[in-house]
Structures are given as C-alpha cells and as structure tokens.
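For reference, the chains in residue letters:
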Amino acid sequence: MLRKNKSKQPLVPTVDEFLKYQPARADFKWEVKDDGLVEIKVPKFNSDFGKSFCKFIKKDNNFTANLDRLGSIVWQNCDGKKTVKQILSIAKKEFPDEKNIDQRLFLFLRQLQSLYYLIF
C-alpha cells in the first residue's frame, strides 16, 4: 500500500513498512522447470475481443516470463503469508555472496507489482 500525502502523490513506503508487506502472486499459471527456474504464463489480452483476435491470427494469447534463480525463489515465496523480510532472509541464505541483495529484491518486487504480477 502506498501512502498519500496532501498533494495526493503516492509516497514510497519506508524500508520498515516495505519489509512488513506480504506479497501475493497474481492468478497466473506458472511452473517450476527441471532446472529449478520459474516460468510464468502471462495473458496478452483479457478481453474477449483480444482472445478472439489471437485465435483468429493463430497466435497464443500468453507470453512466457522466465525468471532467473533469485526471481524464481522470490516468486515461489510470494504466497501472501510471508513478509518481504522473511523472503529477504530466504534470499540471503540462498545467495550468501550476492551483493546488494536487499536492493535487488526490493526493486524486483516493485517491478512485479507495477506489472500486476504481485499484489501487496
């Protein structure tokens, strides 16, 4: 949730506020491939017209988002129950030598939210 100030512009949450968020995956089909990486099927169109158009031109209505190792671990743990702080702890254990993992995680989560892949 973004707070609003008097000028009605959304404010970026503080780190402490963000760590308390419980990100939940949007309702997309996804799977963990044999190599452990996550593949998300994202619809190109939600409208009947868009879906019909894809059928007409014989194209799939979905595109595939392939996540890297960090993204795959994060995605699997965005269950709406774990907090960002808990997910960060898991990522740090999985990638102990990774530099700035907290910043990478925060940016990744915000990017997924802006694409409507995650809900906070």
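Residues numbered from 1 in each chain as written. Predicted model: local features only at pLDDT ≥ 70, side-chain atom pairs only at ≥ 80, totals over all residues. Heavy atoms only, no water.

**Student:** Quick rundown of the pairing of strand β4 (residues 29–32)? Include the residues and the values.
**Tutor:** Relative to strand β5 (residues 38–43), β4 is paired through four bridges, and the arrangement is antiparallel. Along β5, the bridge assignment pairs tryptophan 30 with isoleucine 40. In this structure, the hairpin formed by β4 and β5 is closed by a connection of five residues, where glycine 36 is found at a positive phi of approximately 90°. (Pairing = 2+ DSSP bridges. Helix = DSSP H or I, 4+ residues; strand = E, 2+ residues; numbered from the N terminus.)

**Student:** Tell me about the nonpolar core, residues and numbers included.
**Tutor:** By size, the foremost hydrophobic cluster in this structure holds 28 residues, and its most contacted members are Ile40, Val74, Trp75, Val84, Leu105, Leu109 and Tyr117. Those elements giving two or more residues to this core turn out to be α1 (15–20), β5, α3 (69–77), α4 (84–94) and α5 (101–114). Per-element accounting of this core gives the leading share, six residues, to α5. Every residue in contact with valine 74, bar those within four places of it in the chain, is listed here: Ile87, Leu105, Phe108 and Leu109. (Core = buried A, V, L, I, M, F, W, Y, C linked by side-chain atoms within 4.5 Å. Buried < 20%, exposed > 50% of the residue type's maximum accessible area, 1.4 Å probe, protein only. Contact = heavy atoms within 4.5 Å.)

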